[in-house]
Amino acid sequence: MHNKTIKMAIVFALVLTMLMPLGSMAANNDADTTTDDKTTVASTEDTKDSTTDDDEDEIKPITDEEAIALDTCEEVASNDKLILYADEDNDRICLYVKESGKYWWSSPINIESDDTPIEGSKDGGMKPAVRKQLASSLAIRVGDLRQEKRSESSPTYSNRARVKYKKDSKGLVVTYDYSRREDVAVKLVVHYELDDDNLYVYADSNDIEEVNPDPVEGKILTKILLCPSFAAVPAKDIDGNPTEGYMIVPDGSGAVINYNNGKTNYNTYSHKVYGRDYTTVTQTEPHINQQAYMPVLATVSGKSGVVAIATDGDANVTAKAQVSGQNKQAYNTCYFEFETRGSDSFFMSGEGSNEITVFEKNGKIKDKFKRFGIRYYPIDKDEDVNYADCAEVYRNYLIDEKGLTSKITDDKTNFYIDLFGGVMKTKSIIGVPVSLKTDITGYSEAAKIVDKLENKGVENIVANYNDWTNYSIKHKVSTEVNPSGTLGDDDEFFDFVNDKEIEVYPSMNNFTMDSSRLGYMTLTNTAIRISSAYSRQSKYSPAFGVALKGVSPALVDPATYPKIFDEMIESYKENDIKNIGFGDFAFKLVSDHSKSDPYSREKTMNTIVKGYKKAQKEVGSVIAESANAYVLPYVSHVTNVPVYSSGYNITDYDIPFYQMVIHGYVPYSTKAINASSDIDETFMLALAAGSGIHYDMTYKPASKLKDTDYDHLCYSNYKGWIEPAAEHYKASAEVLSDVAGMTISKYEISDDNNTITTTYTDGSKEVEIVIDKAAATATVDGKEISLADAMEGGK
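Residues numbered from 1 in each chain as written. Predicted model: local features only at pLDDT ≥ 70, side-chain atom pairs only at ≥ 80, totals over all residues. Heavy atoms only, no water.

### Examining the packing of helix α6 (residues 443-455) against helix α8 (residues 490-497)
At a minimum axis distance of 8 Å, the contact between α6 and α8 shows a crossing angle of 30°. As the angle between them shows, α6 and α8 are arranged roughly parallel. Helix-helix and strand crossings are classified by hand; for α6 and α8 the assignment is left-handed. In this structure, α6 contributes Y443, S444, A446, A447 and V450 to the contact, and α8 contributes E492, F493 and F496. Across the contact of α6 with α8, the residue classes tally to six nonpolar, one polar and one charged. (Axes fitted to C-alpha atoms, helices over the stretch in contact; angles between N-to-C directions. Helix = DSSP H or I, 4+ residues; strand = E, 2+ residues; numbered from the N terminus. Parallel < 35°, antiparallel > 145°, perpendicular 65-115°, else oblique. Left-handed = near helix turned anticlockwise from the far one by under 90°. Contact = heavy atoms within 4.5 Å. Nonpolar A, V, L, I, M, F, W, Y, C, P; charged D, E, K, R; others polar.)

### Notes on the pattern of salt bridges
Evaluation of the coordinates by the stated rule reveals 28 salt bridges. The closest approach of N and O atoms between D204 and R371, which form a salt bridge, is 2.5 Å. Pair noted here: D204 is in strand β11 (residues 199-204) and R371 is in strand β24 (residues 371-380), with a separation of 167 residues, a long-range link. Using a relative accessible area of 21% as the deciding quantity, one classes R371 as partly exposed. In the salt-bridge network here, residues are joined through shared partners; they are R141, E152, K223, K272, E337 and E339. (Salt bridge = Lys/Arg side-chain N within 4 Å of Asp/Glu carboxyl O. Buried < 20%, exposed > 50% of the residue type's maximum accessible area, 1.4 Å probe, protein only.)

### Topic: the sheet that holds strand β29 (residues 503-506)
Pairing is parallel across the open sheet formed by four strands, whose spatial order is β29-β28-β25-β37. The sheet is open, and its two edges are formed by β29 and β37 (693-697), each paired on a single side. Averaged over neighbouring strand pairs, the angle between their axes works out to 20° when direction is ignored. Pairing of strand β25 (residues 415-420) with strand β28 (residues 461-466), which is carried by six bridges, proceeds in the parallel orientation. Its bridge partner being in β28, Y416 is matched across the sheet by V462. Helix-sheet contacts for α8 involve β25, β28 and β29, and the interaxial angle to β29 is about 130°. (Pairing = 2+ DSSP bridges.)

### Here we look at the packing of aromatic side chains
Here the structure, examined in full by the defined rule, presents 27 aromatic pairs. Arranged with centres 6.0 Å apart and planes meeting at 15°, the rings of Y394 and Y397 form a pair that is stacked. One end of the pair, Y394, and the other, Y397, are both in helix α5 (residues 387-402), three residues apart, so they sit about a helical turn from each other. In this structure, Y394 and Y397 share a single accessibility class: buried. For the ring pair Y699 and Y718, a centre distance of 5.0 Å and an interplane angle of 10° mean the geometry is stacked. A residue pair is termed long-range when its members are at least 10 positions apart, and Y699 in the loop between β37 and α13 (722-736) and Y718 in the loop between β37 and α13 qualify at 19 residues. (Phe/Tyr/Trp six-rings, centres within 6.5 Å; stacked < 30°, edge-to-face > 60°.)

### Some points on unusual backbone geometry
Positive phi is not limited to glycine here, since D467 has a value of about 55°. Relative to the assigned elements, D467 resides in the loop between β28 and α7 (470-473). Given a relative accessible area of 22%, D467 falls into the partly exposed group. Non-glycine residue N640 carries a positive phi angle of around 60°. By the element assignment, N640 lies in strand β34 (residues 637-641). For N640, a relative accessible area of 10% puts it in the buried group.

### Comments concerning a negative patch on the surface
Residues D489, D490, D491, E492 and D495 make up a contiguous surface patch of negative charge. If you trace the backbone, D490 turns up in helix α8. Take D490: its relative accessible area is 39%, and that puts it in the partly exposed class. (Patch = residues over 30% accessible without salt bridge, like charges linked within 9 Å, V, L, I, M, F, W, Y side chains within 5 Å. Areas by Shrake-Rupley, 256 points an atom, 1.4 Å probe, with all protein chains shown as cover. Lys, Arg positive; Asp, Glu negative; His and termini not counted. Charge placed at Lys NZ, Arg CZ, Asp CG, Glu CD.)

### Let's talk about α8
Looking only at α8, the buried set comprises F493, F494, F496 and V497. End-on, the buried residues of α8 take up no more than an arc of 160°, which puts them together on one face. Of the exposed residues in α8, the ones pointing more than 90 degrees away from its buried face are D491 and D495. Among the structural elements, β25, α6, β28 and β29 are those in contact with the buried residues of α8. Between the side-chain oxygen at the start of α8 and the backbone nitrogen of D491 there is a gap of 3.2 Å, and the oxygen is on D489. (Arc of directions from axis to C-beta. Polar contact = N/O pair within 3.5 Å; in protein donor to acceptor, adjacent residues only side chain to side chain.)

### Considerations on the state of the cysteines
Enumeration over the complete set of coordinates arrives at zero disulfides. Its sulfur unpaired, C227 is 12 Å from the next cysteine sulfur, which belongs to C94. (Disulfide = S-S within 2.5 Å.)

### Comments concerning the sheet that holds strand β3 (residues 92-97)
Judged by pairing direction, the sheet is antiparallel, and its four strands sit side by side in the order β1-β2-β3-β4 without closing on themselves. Every interior strand has two partners, whereas the edge strands, β1 (73-78) and β4 (102-105), have only one. For this sheet the average axis-to-axis angle between neighbouring strands, irrespective of direction, equals 25°. Where strand β2 (residues 82-87) meets β3, six bridges bridge the pair, whose relative direction is antiparallel. Paired with I83 across the bridge in β3 is Y96.

### Some points on a nonpolar patch on the surface
There is a patch of nonpolar side chains on the surface, built from I429, I430 and L436 and spanning about 300 Å² of accessible area. Structurally, the position occupied by I430 is in the loop between β26 (422-429) and β27 (432-439).

### What to know about the nonpolar core
The nonpolar side chains of a soluble globular protein tend to be buried with one another. Formed by 193 residues in total, the largest nonpolar core has its most connected members in Y192, M294, F415, L453, F582, Y612 and M697. Not counting residues up to four positions away in its chain, the partners in contact with Y192 are L84, I93, S137, K170, G171, L172, V174, Y176, L199, Y200, V201 and C227. Formed by 10 residues, the second largest nonpolar core is a distinct cluster that contains A67, I68, Y96 and I109. (Core = buried A, V, L, I, M, F, W, Y, C linked by side-chain atoms within 4.5 Å.)

### Focus on the environment of A686
Within the fold, A686 resides in helix α12 (residues 679-688). Here A686 falls in the buried class, since its relative accessible area comes to 0%. Taking the C-alpha atoms as reference points, A686 and S669, 17 residues apart in sequence, are found 8.1 Å from one another.

### Looking at α13
Side chains three or four residues apart in an α-helix point the same way, a direct result of the helix having 3.6 residues per turn. Compared with an ideal rise of 1.5 Å per residue, which puts 15 residues at 21 Å, α13 spans 21 Å between its outermost C-alpha atoms and is within 8% of the ideal. For α13, the buried fraction is high: 11 of the 15 residues fall into the buried class. Looking only at α13, the buried set comprises I722, P724, A725, A726, H728, Y729, A731, S732, A733, V735 and L736. (Expected span 1.5 Å × (residues − 1).)

Here it is in structure tokens:
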């Protein structure tokens, strides 16, 4: 018994001895997750002493001038308008505006002294780790390719890297070296350069080094956050007063997020610019929201603001914003997150198995992208900066850098109409179900609808005619002007298309295809997902939102786009058709991960731009639906521009930012008013945004559309809409015709959201239009116009 007791004591002692280093190791690992790489991990006693010293020596907030005067801060570049300062010890950059005396910092200067209460925080304020993140000038995310991981890290900020500043002739070059960290192992270089009126921040893909990109065991760079805290605004100013201002996000028409709006329990704003990548196919239906069409953000406080434009790598960028109190931090920030590599998911053994995530890992980042860049444009005014001032900055960028020119030739208001030709419908023939081409709006019927509108006083009609070839009706790739006999004869088609009283755009939409045809095969012309599967665009159950069984349409791979553009343009020229449209190409952007000819979204974007540019030059006028920013310089009309945002909880209200950018340069319309759930509201918002009116119309009754791809157009039969469409047009023409060629210089919304005042200018005069939604009136330079006749809606 005595020996047994001794043995038990020895075993117990050994177990204790083995456990002690494990606990110590765990403690050290935990400490390292919140400790700067440059510092040694402190012991518990050292931490307590440090805390005591901090309490005794309370950090006081400093002014911008005091921050610039620090010994660690120096001037690195200047021009007639701006000065660039750098503070390497504090890892921050400052943009100084000479005329206004305004300072814009890459990270807050009083982050350590900020005592803003944070809900849920034990000590009442921000945690040290959060302060270090906000003080960082860069962050990255990394994908772990190990089979047991297959995950993406949370952002790793520059406070965890070795950061080296170096001056050059244009400004500053900063090296961020994470290579010592096994969990990151990335090194990159960021340039900060002064241009004439902006600060240009960019990272060249050639300067990105991934230490271990092994496709089986490696770590790859997946995201870059350049200056994630640039122009961050604290919850309160240096005197302790709440800050006031707002941020603009490019959601749908545009949306505003007020500083300190108290919406701390909602998700932060995060929206991929130019829409999702349709090559990736989700198992459940994606959320229905408005698209972000422009790579632009803005933050404004009083008479000063900054507009940030993602100028390089914008095909793979996400716009983000958060307010003080969100994510347990005390600042209002908006910034861009660039994606360097995408990801996809699939089920190895069917939907019942575990979901597997795969990262894009073929090739190097420089093979897809040349550069990731942002330009920061400071704005200063004698009065408070308006949303339209921010829009003007982006419009000038499109003019100066992208070649945007005005397409406005007359002071007139257009009326836009989408007409739908034919569709496949299953019919019973001798008891056998057969899918047949079915006419919905034939050529002569389309002409009749236009005649009826003109007889009611509608002028300046712009008609977009869809699905008018046999291939289009069958949902195959269609590239030749070959009118379908199902809709009428060729003479009727060309009589309608060449009608001198209206603009008709016979469009072809070749984004997807249901089946193959000669020259365009689903086997060889379908985009490939990251998972190496074909990209089939699932249809989803209306009730449950899950993908329906069966063969879905194939996504046409972007390597096929040049052939489609070339064949369409050549055919339109041969038939002397001066107007052209390319359907979804204007606003849907995809990638292709085939081994032979891969396409990044950026390469696809550049291919689309070349196609639209060629069409404008060789055909004439191009119409675009819901156009992304990169096609705007090459189109004559933009349809389906929303007057709403997605309505995310974090946003406070909507503004027509998109319309403010292009008004006076490219004519545009709303989404179809007769498809709206609130026709009167949409109509008045259209007037406030300077927008043309848009309707969807079909000739055949709604019963003909049942169980076809047109069943979503059940509202569109022309008979119920001719009268209200005419009233809407007459009202919009009376209100907006005189300002068609002007730009929007100011947009104001009353506190009760009932009155919207839009100011237009041509440089020499201004016109003020006030829309009173409650009274249903429009006042144009003091002249009141009743909108009552246009407020009845459809029948």
